[in-house]
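A closer look at the structure
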Amino acid sequence: MNNTHNIHDKRLADAWATLQSHADRGLPLDPDPSRLAFADPEFLLRRETRGIRMQLELMKPDLEQRAHGIENTVVVFGSARFRSEDEAAALVTQAEAAGDTVAAERWRRLARNSHYYEKARTFGKLVAQYSEKKEPQDKLFVCTGGGPGIMQAANRGAHEAGGLSVGLAIALPMEEEANPYVTPALSFKFHYFAIRKMHFMMRAKALVAFPGGFGTLDELFEVITLVQTKKSKPVPIVLFGSAYWKKMIDFDFLVDEGVISPGDLKLFEYVDAPEDAWDAIKRFYKL
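Residues numbered from 1 in each chain as written. Predicted model: local features only at pLDDT ≥ 70, side-chain atom pairs only at ≥ 80, totals over all residues. Heavy atoms only, no water.

1. A short note on a nonpolar patch on the surface
Our working definition: Only residues whose relative accessible area exceeds 30% and that take part in no salt bridge are eligible for patches, with like-charged residues grouped when within 9 Å of each other and nonpolar side chains (Val, Leu, Ile, Met, Phe, Trp, Tyr) grouped when within 5 Å. Values of accessible area rely on a 1.4 Å probe in the Shrake-Rupley scheme; residue burial ignores everything except the protein chains shown. We define a salt bridge as a contact between a side-chain nitrogen of Lys or Arg and a carboxyl oxygen of Asp or Glu at a distance within 4 Å. Numbering of helices and strands starts at the N terminus; helices are DSSP runs of H or I of at least 4 residues and strands are runs of E of at least 2.
A contiguous nonpolar surface patch, about 270 Å² in accessible area, is contributed by Phe284, Tyr285 and Leu287. Looking at the secondary structure, you find Phe284 in helix H12 (residues 274–285).

2. Details of the pairing of strand E2 (residues 141–144)
In plain terms, the rule: A simple rule labels every residue: compare its accessible area, found with a 1.4 Å probe on the protein chains alone, to the largest value its type can have, and call it buried under 20%, exposed over 50%, or partly exposed in between. When DSSP finds two or more bridges between two strands, those strands count as paired. Seen with its strands pointing away from the viewer, a crossover is right-handed when the path leading from the first strand over the helix to the second is clockwise.
Neither face of E2 is open: one carries Phe141 and Cys143, the other Val142 and Thr144, and all of them are buried. Inspection of the sheet shows strand E1 (residues 73–77) paired to E2 by 3 bridges, in the parallel sense. Bridging across to E2, Thr73 finds its partner in Phe141. Here 3 bridges tie E2 to strand E3 (residues 165–170), and the two strands are oriented parallel to one another. Opposite Cys143, over in E3, you have Val166 as the bridge partner. In this fold, the crossover linking E2 to E3 by way of helix H7 (residues 150–160) has right-handed handedness.

3. Some points on the sheet that holds strand E5 (residues 204–209)
Spelled out, the test is: Here, axes are lines fitted to C-alpha atoms. For helices the fit covers the stretch in contact, and angles between N-to-C directions go from 0 to 180 degrees.
Pairing in this open sheet of 7 strands is parallel, and the strands run E4-E3-E2-E1-E5-E6-E7 from one edge to the other. Each having just a single partner strand, strand E4 (187–190) and strand E7 (269–271) make up the two edges of the open sheet. The sheet shows a mean angle of 25° between the axes of neighbouring strands, taken without regard to direction. By the bridge criterion, 5 bridges tie E1 to E5 in an arrangement that is parallel. In the strand pairing of E5, Thr73 is matched with Ala204.

4. Some remarks on the side chain of Ser114
Formally: For this analysis, residues touch if any pair of their heavy atoms sits within 4.5 Å.
In this fold, Ser114 is placed in helix H6 (residues 114–131). If near-sequence neighbours (up to four positions away) are discounted, Ser114 is found in contact with Arg83, Ser84, Glu85 and Ala88.

5. Section: the packing of helix H3 (residues 50–67) against helix H8 (residues 193–202)
Stated formally: Geometric relationships in this document are graded by angle, where less than 35 degrees denotes roughly parallel, more than 145 denotes roughly antiparallel, 65 to 115 denotes roughly perpendicular, and other angles denote oblique. Helix crossings get a hand from a simple test, with the near helix turned counterclockwise from the far one by less than a right angle marking a left-handed crossing and a clockwise turn marking a right-handed one.
Contact geometry for H3 and H8: axes closest at 10 Å, N-to-C directions at 30°. Relative to H8, the element H3 is oriented roughly parallel. Of the two possible hands of crossing, H3 and H8 adopt the one that is right-handed. Together, Met54, Glu57, Leu58, Pro61, Asp62 and Gln65 of H3 and Ile195, Met198, His199 and Met202 of H8 make up the contact between the two elements.

6. Points about the pairing of E3
Of all 6 residues making up E3, 6 are buried, and the element is well covered by its neighbours. Burial along E3 is two-sided: the residues Ser165, Gly167 and Ala169 and Val166, Leu168 and Ile170 are all buried. Direction of pairing for E3 relative to E4: parallel, over a ladder of 4 bridges. Bridge pairing in E4 links Ala169 to Lys189.

Structural data, given as structure tokens:
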């Protein structure tokens, strides 16, 4: 019998039934030495078992992606706050109708960037369309942080083209659920940012960074640093929206100050169209 799928073994079922019963009745889960260790949240959430939790977060998405043939991904980062052009316009109208000038101005600012949502959506379609008729080992899959905004747009584009896409969501107060366009079997949630970052890079064959804030910058510089220091193999790193990125970060200033080398500027390139982002990846791998 295949023990890897023997989740209905009576001992396992009884252990989980006990936990479910406590949850259903709203009872606190007190320490219980007789509870099976792997079915004991009170034990698994101790500080001493953090390493086990991190190992599980590393293992579960890895096994599931292997099972679905996900070996090569194109990672898309970008703001979680951008909306589609239609949704952004509706939100502005709604705020104006309610007389909420602060909200209306906020949505007008974000609406200026809604074209990035549409372009990320188009890019996701391009990746999925390329992979549609490829052999399994040659397929590329969109991978995002699983949240709203640019992440949703890239997953949405892949979904609309009939492709699979991955979502590596993080448990945050403002993002409780993954966006609806992530392939359900490939929708993962993480507690540890560090493990999530590892999963982004484990299968990444390219990174496309759309305009965003702290989270986007965090992921972008993580990848640039790994490639710069040769801890990861070179991959195409594409900064989508040249005006945005050049205004936000003066990389030439960093060269002038001697804190990065002139050659480091070749680690990435700027583009302004979905087709150009895809062409950069095709050139790199001679697709």
